[in-house]
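Summary of structural features
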Amino acid sequence: MALDFTAELAGTAVEDFNFTPALDLTMVVVSDYETGEKSYKDEILLLKSLAEQGVWAPYKIVIAESTANQNIAPPQDLFDQGLQVELVYRDAHTSCALKNAALDHVTTEWVVSIEADTVPEPGWLDAITKAVASHPDCSIFFGRTYYGEETIWRRTCNLLERSFDDRGSDGPTNHISNNAALYRTELAKAFPYKHAATQFLSARIRLDALHKHGHRAYFVSGAVARHAVGDAGFTWDVYRNTGYSDMKVRPNCNACYLPRAIVGRFLRDLRHAQRVGGRYMKLRDWPMWITMVIFARFAHLRGLVEGLGNPDCLHGSRFR
């Protein structure tokens, strides 16, 4: 027997329904951290989470991969999630170059750039979409990424590596995230990632260019995505790359800047701990955080010193 809700809906205006207008949207997926042979496991988990976002309008997903991995056949699961997925190969070997190349396949008004090892939590896309509707003057939107909260290690790494892009509440922010972020496509194409020795440096150069032209982002606290957590080697890699880019963004690279850079980054970590540590951490977590903050100083210093030279890449880094 068919159910008829005509009587119940009679006289109900469209604006009385609670739904979110859909965006004209494409999602660009790029893997930026490789630990072995390409498997597409991260991409499949990401696609499954997108399929469960509950957004009714169709959107295309462009997965950009290097031609170096073209001989690795993608699993059928990559295309069996009920989504419009396009896998494109480009002759590029860095994640930033792949993000630029993927934009050639984007014709929609909006584009999301998301790393393959990031899984949006339920309601992520809905929260982003509602923010766009409420703030039509903004061109960049992003939310919080974290590693989960199940263990001391995850909570410690959240504060150390993920708190920098957490504004704490909805509102405009000078920080612009490179991951799980929504851009007006015309803006994304107008500010491509410049070629640089590392993806961290390329992202910093792009961020500086966006700031120079007066662009800001809008932080959406309800848009939460879970990033894959790494080990201590990953933290070392993050801070080593950060140190390298801290040095390279300066007009003149010289050793006199080392003390200032080390102290400045340390104070930045302390400010984040003071700002959001109470929300991120339990009392028993702080000894681990103190240990990792000290550990991170050595990685940061190494990156700074490497930045004094002119390597075309950071050898041993798994970021691409």
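Residues numbered from 1 in each chain as written. Predicted model: local features only at pLDDT ≥ 70, side-chain atom pairs only at ≥ 80, totals over all residues. Heavy atoms only, no water.

1. A few points about the pattern of salt bridges
Scanning the model with the defined rule gives 16 salt bridges in all. One salt bridge in this structure joins K60 and E86, with 3.4 Å as the shortest N-O distance. Of this pair, K60 sits in strand β2 (residues 60-66) while E86 sits in strand β3 (residues 84-90), and the two are 26 residues apart along the sequence. For R268, the salt bridge is made with D269, and the minimal N-O distance between the two is 4.0 Å. On the basis of relative accessibility, which here comes to 24%, the residue R268 falls in the partly exposed class. (Salt bridge = Lys/Arg side-chain N within 4 Å of Asp/Glu carboxyl O. Helix = DSSP H or I, 4+ residues; strand = E, 2+ residues; numbered from the N terminus. Buried < 20%, exposed > 50% of the residue type's maximum accessible area, 1.4 Å probe, protein only.)

2. A word on the confidence of the model for the protein
Of the residues in the protein, 91% have a pLDDT of 70 or more, and the chain-wide mean is 89. In the model, residues 1-19 has pLDDT below 50 throughout and makes 4 contacts with residues more than four positions away in sequence or in other chains. (pLDDT = per-residue confidence, 0-100. Contact = heavy atoms within 4.5 Å.)

3. Considering the pairing of strand β1 (residues 25-30)
Across the 6 residues of β1, 6 count as buried, placing the element largely inside the fold. Burial along β1 is two-sided: L25, M27 and V29 and T26, V28 and V30, pointing in opposite directions, are all buried. The pairing of β1 with strand β4 (residues 110-115) spans 6 bridges and is classified as parallel. Looking at β4, one finds that V28 is bridged to S113. The pairing of β1 with β2 spans 5 bridges and is parallel. Within β2, the residue paired with T26 across the bridge is K60. (Pairing = 2+ DSSP bridges.)

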